[in-house]
Amino acid sequence: MYIRKILYAIVTIGLLLMGGFAFYIYNVMFAANTNFNEDFKHIYIKTGSDYEDLTYQLNDYLLDTSTFTVLAERKNYSNNIKPGKFIIKRDMNNNQIINSLRSNNITVDVIFNNAKNLNDLAGKISNQIEADSMSFLTLFKTDYFIDKGFDEKNILSMYIPNSYNFFWNTNAEKFNERMFEEYTKFWQKNDRVEKANKIGLSKIEIMILASIVYEESKQNIDLPRIAGVYMNRLKNNWKLGADPTVKFAAHQLDQYKNTIIRRVLNKHLRIDSPYNTYKYYGLPPGIISMPSIQAVDAVLNYEKHNYYFFAADPTNPGYHSFAKTLSEHKKNARILHRDLNRRGIKK
């Protein structure tokens, strides 16, 4: 009888221990271990992060980091942290969280357009992926771009504004390799190279002119006609006389830094710069901003007409009035200047 009680006690203790162990295993592997009310949280693991860095970031999102650590060590994840952007869904258990962090590096859509210069571009990109702006700015000074036919004045033309899918932890070198691939694909599509050759301009020259056209108007319907005006001027050996190039030239000077030029004045036209197309013939030496795809295609498919002049149309904001002769243009310009004066726009 006494022995039977001992056996019962042993069995009971064993069952309790087994039950406790089973409950512990359940908590470690199968119990929900998230501590947020949203449907999911994104976890950004930087390149070079260790397990301590990860748990510091997870601390606010987990109910119990100790059980997570037990399983992470058991699955050898704590020694194999991978960088990237990951997702943790509400009510995930430790096993699901570790599997997601181990193998579900999700991508991000990197979007950029209308960058004014390399600093602006580097800032836009670095806000969307891990690589910081300095890594891009440093890379811009290497022979990588020279070997591909770009110089510092025209590197911006390699970046075709669009939306691109990347892993968040992509570095600057890999990003630029992909951008050159996209640049090459862009020119291979829609007979763009053939059209550029027919016009008699290189790809970079097309991008330079497109950047001017883009700065003249954001109305896509106007772009081919504006491009046609500039092509007429180039073909007939006129100066381009493009206001956006004068503004660009002015903004290279300290006195115009961080200023907005809403009205081009005679003092601006006197600026001695190769970008001042009122002083110098031909295209400027570099692009003045990142042109849209529509602006590039507008140059490649420019409208053939006899217009040589255009001016903003105050009666139809955002659009332009076109003229074939200087006298017609002066009439359009007077209408514009009266409107600018009426609105108090002096500079």
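Residues numbered from 1 in each chain as written. Predicted model: local features only at pLDDT ≥ 70, side-chain atom pairs only at ≥ 80, totals over all residues. Heavy atoms only, no water.

## Focus on the overall build of the chain
Heads up, the rule is: Put simply, DSSP marks the helices as runs of H or I at least four residues long and the strands as runs of E at least two long, and each gets a number from the N terminus on. Note on method: radius of gyration uses C-alpha positions; expected globular size equals 2.2 Å times residues raised to 0.38. Think of it in three bands: residues with accessible area under 20% of the maximum for their type are buried, residues over 50% are exposed, and the middle band is partly exposed, with areas taken using a 1.4 Å probe on protein chains only. The contact criterion used is simple: two residues touch if any of their non-hydrogen atoms lie within 4.5 Å. Just so you know, the count uses Lys and Arg for positive and Asp and Glu for negative, and it drops His and the chain ends. Lys charges are placed at NZ, Arg charges at CZ, Asp charges at CG and Glu charges at CD.
A count of helical and extended segments in the chain gives 15 helices and 6 strands. Its C-alpha radius of gyration of 31 Å places the chain more than 25% over the 20 Å reference for a compact globule of 347 residues. Taken over 347 residues, the chain has a buried fraction of 42%. Nonlocal contacts in the chain, meaning residues at least 24 apart in sequence, comprise 67% of its contacts between residues at least 6 apart. Across the chain, the mean location of the 46 positive side-chain charges is 7 Å away from that of the 35 negative side-chain charges.

## Examining the nonpolar core
When a protein is soluble and globular, its nonpolar side chains tend to lie buried together. For clarity, the cut-off: Nonpolar cores were defined as sets of buried Ala, Val, Leu, Ile, Met, Phe, Trp, Tyr and Cys residues, with membership established by side-chain atoms within 4.5 Å.
The biggest cluster of nonpolar side chains holds 67 residues, and the ones touching the most others in it are Phe112, Tyr159 and Phe175. Here this core takes 9 residues from helix H10 (residues 203–216), the largest share from any one element. Once you skip the residues sitting within four places of it in the chain, Tyr159 turns out to touch Phe112, Leu121, Phe140, Phe145, Phe175, Asn176, Met179 and Met290.

## What to know about the layout of surface pockets
Applied cut-off: In the cavity and pocket records, a cavity denotes points on a 1 Å grid over the protein atoms alone where a 1.4 Å probe fits but cannot get out, a pocket denotes an open set with protein on both sides within 12 Å along at least 5 of 7 lines, and lining residues are residues with an atom within 4 Å of a point. Grid points are joined across faces, edges and corners, and a volume is the space filled by probe spheres set on the points.
Estimated volume of the second largest pocket: approximately 150 Å³. Around the second largest pocket sit Lys195, Lys198, Ile199, Lys235, Leu300, Asn301, Tyr302 and Lys304, which together line it. Ranked by residue count, the leading element in the lining of the second largest pocket is helix H9 (residues 192–199), at 3 residues.

## Notes on H10
This is how it is decided: Expected helix span is computed as 1.5 Å times (number of residues minus one).
Here H10 is 14 residues long and its end C-alpha atoms lie 20 Å apart, about the 20 Å a rise of 1.5 Å per residue gives. The element H10 is extensively covered by neighbouring structure, given that 11 of its 14 residues are classed as buried. Ile204, Ile206, Met207, Ile208, Leu209, Ala210, Ser211, Ile212, Val213, Tyr214 and Glu216 are the residues of H10 that are buried.

## Observations regarding the pairing of strand E6 (residues 320–323)
In plain terms, the rule: The rule for pairing is simple: two strands pair if DSSP sees at least two bridges between them.
Going residue by residue along E6, you find His320 and Phe322 tucked away on one face and Ser321 and Ala323 tucked away on the opposite face as well. Here 4 bridges tie strand E5 (residues 309–312) to E6, and the two strands are oriented antiparallel to one another. Residue pairing across strands places Phe309 opposite Ala323, the latter belonging to E6.

## As for the confidence of the model for the chain
Selection rule: Note on scores: pLDDT gives the predictor's confidence for each residue, bounded by 0 and 100.
Per-residue confidence for the chain gives a mean pLDDT of 90, with 91% of residues at or over 70. Note that residues 7–24 has pLDDT below 50 and, in this model, 1 contact with residues that lie over four places away or in other chains.

## Observations concerning the side chain of Ser273
Tracing the sequence through the fold places Ser273 in the loop between helix H13 (266–269) and helix H14 (293–300). Residue class for Ser273 comes out buried when judged on its relative accessible area of 10%. Every residue in contact with Ser273, bar those within four places of it in the chain, is listed here: Ala249 and Tyr280.

## Focus: the environment of Glu130
Here Glu130 shows up in the loop between helix H5 (118–126) and helix H6 (133–139). For Glu130 and Ile45, which are 85 residues apart along the polypeptide, the C-alpha to C-alpha distance reads 9.3 Å.

## Regarding helix H11 (residues 223–235)
Between its first and last C-alpha atoms H11 spans 18 Å; for 13 residues at 1.5 Å apiece the expected length is 18 Å, and the two agree. For H11, the set of buried residues is Leu223, Ile226, Ala227, Gly228, Val229, Tyr230, Met231, Asn232 and Arg233. Tucked into the core, H11 has its buried residues touching H9, H10, H14, E5 and E6. Count one or two residues on from H11 and you reach Asn237, which has phi positive near 60°.

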